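# Observations on chain architecture
Chain residues, written in single-letter form:
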Amino acid sequence: MSVGYYFWILMGLPMVGAGVCALLRAPRSVLTVLIGAAAAETVVGAFLVKDIFAGAQDSVAWGWFYLDALSAYHLAILLLIYLLSTVYAAGYFRHELEAGVIRPGQFRRFGILWCGAVAAMALVIISNNIGAMWIGMEATTLMTAFLICVHRTAASLEAMWKYLLMCSVGVACAFMGTLLAVAAARGLPLAGSDVMLWTQLRAVATQMNLPLLKLAFLFLLVGYGTKAGLAPLHNWLPDAHSQAPAPVSALFSGFMLNTALYCILRYVAIIEVATGGAGWSLHLLQFFGLISIVVATAFILFQEDVKRLLAYHSVEHLGIISLGVGLGGIGVFAALFHVFNHSLCKTLAFFSAGRIGQIYGTHSMAHIRGTLKAHPVWGIGLFGSFLALIGVAPFALFMSELQIVFAAMDGRAYLALALFLAGTGAIFVGALKHAMAMAWGEPEHSAPALAAPASAAGITDTILVAGSLLVLLAVGLWMPEWYRSLLLRAAHIVEGKL
Amino acid sequence: MGLDTLFVFLVLTSIVLLGSSLLNSSIRVVALQGAVLSFLPLLVMEPTWAGRAVFLAALTMGIKGIVFPVLLLRSLREANVRREMQPLVGYSLSLALGIALLVLAFWLAGRLHGIGVGISALSLTAAFFMMFTGLFLIIARRKALTQVLGFLTLENGIYAFGLTGVGHIHWLVELGVLLDVFVAVFIMGIAIDHISREFDHINVDELDQLKG
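Here, residues in each chain are numbered from 1, in the same order as that chain's written sequence. Following the order in which they are written, the chains are lettered starting with A and the ligands numbered starting with 1. Selection of residues for local features in this predicted model requires a pLDDT of at least 70, selection of side-chain atom pairs for listing and counting requires 80 or more, and totals for whole chains, interfaces and linings are taken over all residues. Based on all heavy atoms of the structure, the side-chain values leave hydrogens and waters out of the count.

### Brief notes about the overall build of chain B
- Runs of E in the DSSP output that reach at least two residues are strands. Runs of H or I that reach at least four are helices, and both are numbered from the N terminus. Scanning chain B for helices and strands turns up 8 helices and 0 strands.
- The linear arrangement of helices and strands in chain B, starting from the amino end, is α-α-α-α-α-α-α-α.
- Over its C-alpha trace chain B gives a radius of gyration of 17 Å, about what one expects of a compact globule, namely 17 Å for 212 residues.
- Within chain B, the proportion of its 212 residues that are buried is 59%.
- Contact definition: two residues touch when any of their heavy atoms are within 4.5 Å. When contacts within chain B are restricted to residue pairs at least 6 apart in sequence, long-range pairs at least 24 apart make up 76% of them.
- Areas reported as accessible are Shrake-Rupley estimates using a 1.4 Å probe. Residue values count occlusion only from the protein chains shown. When the accessible area of chain B is evaluated, it comes to approximately 8,800 Å², of which 68% is carbon and sulfur surface.
- Here chain B contributes 13 positively and 13 negatively charged side chains, and the mean placements of these two sets differ by 6 Å. We compute the radius of gyration from the C-alpha atoms alone; for a globule the expected value is 2.2 Å times N to the 0.38, where N is the number of residues. Note on classification: 1.4 Å probe, protein chains only; a residue is buried when its accessible area is under 20% of the maximum for its type, exposed when over 50%, partly exposed between these limits. Only four residue types enter the charge count, namely Lys and Arg as positive and Asp and Glu as negative; His and the chain termini do not. By convention, the charge on Lys lies at NZ, on Arg at CZ, on Asp at CG and on Glu at CD.

What follows is the structure, given as structure tokens:
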């Protein structure tokens, strides 16, 4: 079977899954379909990325589907987070269904939108056409809007409206940028339908209308930057992440933000080729990255809600990734490495926070105490992921952040280095205080909201927590050669060197 | 009707939007703007693309001229509001700022047309002015419904820019974009219904429970 068909299956599987979910009544069958679709999707994805992981340059199908080291890497992360979140969602919602917190109809809607969201994100990653990429990005917003208010409360509706409007407007700006980028290629010898293909645009980048291309990038950075949660465009993010059910928060933070950043990286590559590596776009990314780190620091120190705390950590880490890319050189490599580390770690953190929230019946950190005693598995998950998030050695996040420090010293970006160290330093202290209080504080003897999950630490829960933490440790200590080479190739693509 | 008349008309409808307080009539103005916009493909696309232009025009007319207003008028009835009371920026001030935005749009259009974008400076002016008006409405009005109208105006501007400023776009992309906008407005309509049921109002500035 030609590789092109795998692309179609990758897009089609979740859509079929969504359709099947729409027809089913029993929550149990919806769950089975969700897990089945996730497993099948992962297998298809593995087929697609395996050649590129093994060293192949890229694979193209019908011009519109395109996979290279950068997109294969992102696709692999998407599928990993998707699979983990679906498995976790099964446990998470099973208890809520039993307790009657969520109705079967609501759960079915969750199933449909969940599959749809994954199809949309996959479209963004595998599109070579920058227009199709945009369509996928907007579809992501639309699919996930109602996932935020699966539990229909006033607060979740508020969060959903803010998310829907801010991201739609932001992504509309990005479409303006997409059009401007195409306009910048006008008059160049490109066949009619090729003019929106990323590969074609990069090939002719040096002849494009540079002022127009730069204007396009500004629109794209602001537009997709809104969706990526870069400060000061992040206002929707803490609300949406805190109100959404935990599996959705995990997918948001673990991958949706990266999808938007991925789009920006694609354009960074074109700009870098067009300007001959002058670093114009990198400086902008550096700027947004630093603002994000500073803003996140302020909010993390005085946070009271555990999921909002994690949401601001996302702002911080997306900021770190942008900063890394913005520093160029080894920084791009480190930033891409950080993408995986952050995604896995943040997913685990939201998993743990979600279940602990169910056990304690609140997300207010003042009331979450003694998690290690109350529920060892998720207690360890939350504490461990916090340690990794704030950059404790030798977790992988520490390694990638260390490389970003080196990159800053290499590039003599001392101001950026100082702000980065001050921000992460303050967050280290602030978040560690929150995490230790939650882990060891004296538990309050209040009636838990959902009694069931407190006692039952399933084998899946244990595997999710232990597996994620072990991988984060292992990758921090030792990086396989194929992984290093994949990241290097992806970094070269971003820097426009390939 | 000449092209320039059409662009002037688009600018005028945007100005009317800035000064209108009745939600009912605002919805109709945006619908009218969308309907006028739907003639644009017929006027600017090359004759070889006639079939495609007719299809795109019909689709745009159907979505922007008919489906959206019906949908939004229904939401309006459900939400039981008639006007935008106490907007964050008053109507006279909105109009004055609108003039400033128009000047900005003229300036930006002139600059861009100077480096070879767009079929005419006026087409770009109309496109940018619609975008600015849309953004302004989203920021300066309190009703969720007016924000949706702002979003639609913004999208109209981008649509006009796509047709007059860029040239060839693959039909699949055009279709996908229209579909996305359609679903977006559809979802916003549902969201407004939920909000009006949950809160008994659709004032966005009173959605302020989530902080910090």
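Text resumes after the structure shown.
### Points about the overall build of chain A
- Along the backbone of chain A there are 20 helices and 2 strands.
- Scaling as 2.2 N^0.38, a compact globule of 498 residues should have a C-alpha radius of gyration of about 23 Å, and chain A matches this with 22 Å.
- Oriented by its inertia axes, the alpha-carbon framework of chain A measures out at about 70 × 55 × 40 Å.
- In chain A, which comprises 498 residues, the proportion classed as buried is 65%.
- Partitioning the intrachain contacts of chain A with sequence separation of at least 6 by distance along the chain shows that 80% fall at a separation of at least 24.
- Carbon and sulfur atoms make up 68% of the accessible area of chain A, which totals about 15,700 Å².
- Seen as two clouds, the 25 positive and the 21 negative side-chain charges of chain A have centres 5 Å apart.

### Here's the deal with the interface of chain A and chain B
- Of the residues lining the interface, 45 residues belong to chain A; the matching set on chain B comes to 45 residues.
- Once two parts are put together, the accessible area they lose, assessed with a 1.4 Å probe and summed over both, is termed the buried area. Here chain A meets chain B over a buried area of about 3,800 Å², counting both sides, of which 78% is carbon and sulfur.
- The term salt bridge refers to a pairing of a side-chain nitrogen on Lys or Arg with a carboxyl oxygen on Asp or Glu at a separation within 4 Å. Counting every contact that joins chain A to chain B gives 0 salt bridges.
- For the purposes of these results, a polar contact is taken to be a pair of N or O atoms within 3.5 Å, where, inside protein, one atom must be able to donate a hydrogen and its partner to accept one; residues adjacent in sequence count only when each atom of the pair is a side-chain atom. Connecting chain A to chain B are 2 residue pairs in polar contact (both at pLDDT 80 or more).
- If you list the elements that add at least two residues to the side of chain A that touches chain B, you get α5 (130–148), α6 (154–184), α8 (210–228), α9 (236–243) and α12 (306–327) of chain A.

### With respect to the packing of aromatic side chains
Residues and elements named next belong to chain A.
- Only rings of Phe, Tyr and Trp enter the pairing, Trp through its six-membered ring, and a pair is recorded when the two centres are within 6.5 Å. The plane angle decides the type: under 30 degrees is stacked, over 60 is edge-to-face, the rest tilted. Under the defined criterion, the tally for this structure stands at 29 aromatic pairs over all chains.
- Where Tyr6 meets Phe47, the ring centres are 5.4 Å apart and the plane angle is 10°; that geometry is what we call stacked. Remark: Phe47 occurs in helix α2 (residues 27–53) and Tyr6 occurs in helix α1 (residues 3–23); sequence separation between them is 41 residues.
- Ring centres 6.1 Å apart and planes at 80° place the aromatic pair Phe287 and Phe288 in the edge-to-face group.
- The class of Phe288 is buried, set by a relative accessible area of 12%.
- Taken together, the ring pairs in this structure connect Tyr82, Tyr88, Tyr92, Phe93, Phe107, Phe110, Trp114, Phe351 and Trp378 into an aromatic cluster.
- Stacked on the ring of Trp198, the Lys or Arg Arg266 has its end atom at 4.3 Å from the ring centre. Either the NZ atom of lysine or the CZ atom of arginine qualifies as a charge over a ring when it sits within 6 Å of the ring centre and within 35 degrees of the ring normal.

### A look at helix α2 (residues 23–37) of chain B
Residue and element names in this part refer to chain B.
- If you check α2, its first and last C-alpha atoms are 21 Å apart, about what 15 residues at 1.5 Å a residue would give, namely 21 Å.
- Burial analysis of α2 places 11 of its 15 residues in the buried class, the great majority of the element.
- Every buried residue belonging to α2 is among Leu23, Ser26, Ile27, Val29, Val30, Ala31, Gln33, Gly34, Ala35, Val36 and Leu37, and all of these are buried. To estimate the expected span of a helix, subtract one from its residue number and multiply by 1.5 Å.

### Description of the packing of helix α11 (residues 280–301) of chain A against α12 of chain A
All names here are of chain A.
- To obtain an axis, a line is fitted to C-alpha atoms, over the contacting stretch when the element is a helix, and the angle between two such axes runs from 0 to 180 degrees between their N-to-C directions. Orientation of α11 relative to α12, taken along the N-to-C sense of each, is 155°, at an axis distance of 7 Å. As the angle between them shows, α11 and α12 are arranged roughly antiparallel. The hand of the α11/α12 crossing is left-handed. Of α12, the residues touching α11 (which contributes Leu282, Leu285, Gln286, Gly289, Leu290, Ser292, Ile293, Ala296, Phe299 and Ile300) are Leu309, Tyr312, His313, Val315, Glu316, Gly319, Ile320, Ser322, Leu323, Val325, Gly326 and Leu327.
- Partitioning the contact of α11 with α12 into residue classes produces 14 nonpolar, 7 polar and 1 charged. What sets the label is the angle itself: under 35 degrees gives roughly parallel, over 145 gives roughly antiparallel, 65 to 115 gives roughly perpendicular, and the rest give oblique. Each helix crossing is assigned a hand: it is left-handed if the near helix lies turned anticlockwise from the far helix by less than a right angle, otherwise right-handed if that turn is clockwise. Amino acids are sorted into nonpolar (Ala, Val, Leu, Ile, Met, Phe, Trp, Tyr, Cys and Pro), charged (Asp, Glu, Lys and Arg) and polar (every other residue, Gly among them).

### Describing the pattern of salt bridges
- One pass over the full model with this rule turns up 9 salt bridges over all chains.
- Bridged by salt links that share partners, the residues Lys162, Asp239 and Arg308 of chain A form one connected network.

### Description of the pairing of strand β2 (residues 65–68) of chain A
- What you see with β2 of chain A is no split at all: Phe65 and Leu67 of chain A on one side and Tyr66 and Asp68 of chain A on the other are buried throughout.
- Two successive antiparallel strands, strand β1 (residues 58–61) of chain A and β2 of chain A, enclose a turn made up of 3 residues, where Trp62 of chain A displays a positive phi of approximately 55°. Only when DSSP finds a minimum of two bridges between them are two strands counted as paired.

### Re unusual backbone geometry
- Here Ala231 of chain A and Pro232 of chain A are connected by a cis peptide whose omega angle stands at 0°.
- Inspection of the secondary structure assignment puts Pro232 of chain A in the loop between α8 and α9.

### Overview of the environment of Ser242 of chain A
All names here are of chain A.
- Looking at the element boundaries, Ser242 is found in helix α9.
- A residue is classified by how much of its surface remains accessible, and Ser242, at 6% relative accessible area, is buried.
- C-alpha separation for the pair Ser242 and Lys307, spaced 65 residues apart in sequence, amounts to 4.9 Å.
- Apart from the residues within four sequence positions on either side, Ser242 is in contact with Lys307 and Arg308.

### Quick look at a nonpolar patch on the surface
All names here are of chain A.
- For patch building, the residue pool is restricted to those with more than 30% relative accessible area and no salt bridge; the joining distance is 9 Å between like charges and 5 Å between nonpolar side chains (Val, Leu, Ile, Met, Phe, Trp, Tyr). Taken together, the side chains of Tyr5, Trp8, Ile9 and Trp62 present a nonpolar region at the surface, about 460 Å² in accessible area.
- Within the secondary structure, Ile9 sits in helix α1.
- With a relative accessible area of 31%, Ile9 lands in the partly exposed category.

### Focus on the nonpolar core
- We call a set of buried Ala, Val, Leu, Ile, Met, Phe, Trp, Tyr and Cys residues a nonpolar core when their side-chain atoms join them within 4.5 Å. With 267 residues, the main nonpolar core has Leu75, Phe110, Trp161 and Met208 of chain A together with Phe128 and Phe161 of chain B as its most contacted residues.
- Counting residues in each nonpolar core, the second largest holds 14 residues, with Leu290, Ala334, Ile404 and Ala408 of chain A among its members.

### As for the side chain of Ser127 of chain A
Residues and elements named next belong to chain A.
- Relative to the elements of secondary structure, Ser127 occurs in the loop between α4 (104–126) and α5.
- Among the polar contacts made by the side chain of Ser127, one reaches the main-chain carbonyl oxygen of Leu123 at a distance of 2.7 Å.
- Among all residues touching Ser127, those that are not within four sequence positions of it are Trp64, Ala132 and Met133.

### Remarks on the confidence of the model for chain A
- Residue-level confidence of the predictor is summarised by pLDDT, bounded by 0 at the bottom and 100 at the top. When pLDDT is averaged along chain A, the result is 89; 96% of the residues meet or exceed 70.
- In this model, residues 450–455 of chain A is a region of pLDDT below 50 whose contacts with residues beyond four sequence positions or in other chains number 15 contacts.

### Things to note about the environment of Gly116 of chain A
Residue and element names in this part refer to chain A.
- For Gly116, the position within the fold is in helix α4.
- Once the C-alpha coordinates of Gly116 and Gly17 are considered, the two residues, 99 residues apart in sequence, prove to be 8.4 Å apart.
- Excluding residues within four positions of it along the chain, Gly116 makes contact with Ala18 and Met143.

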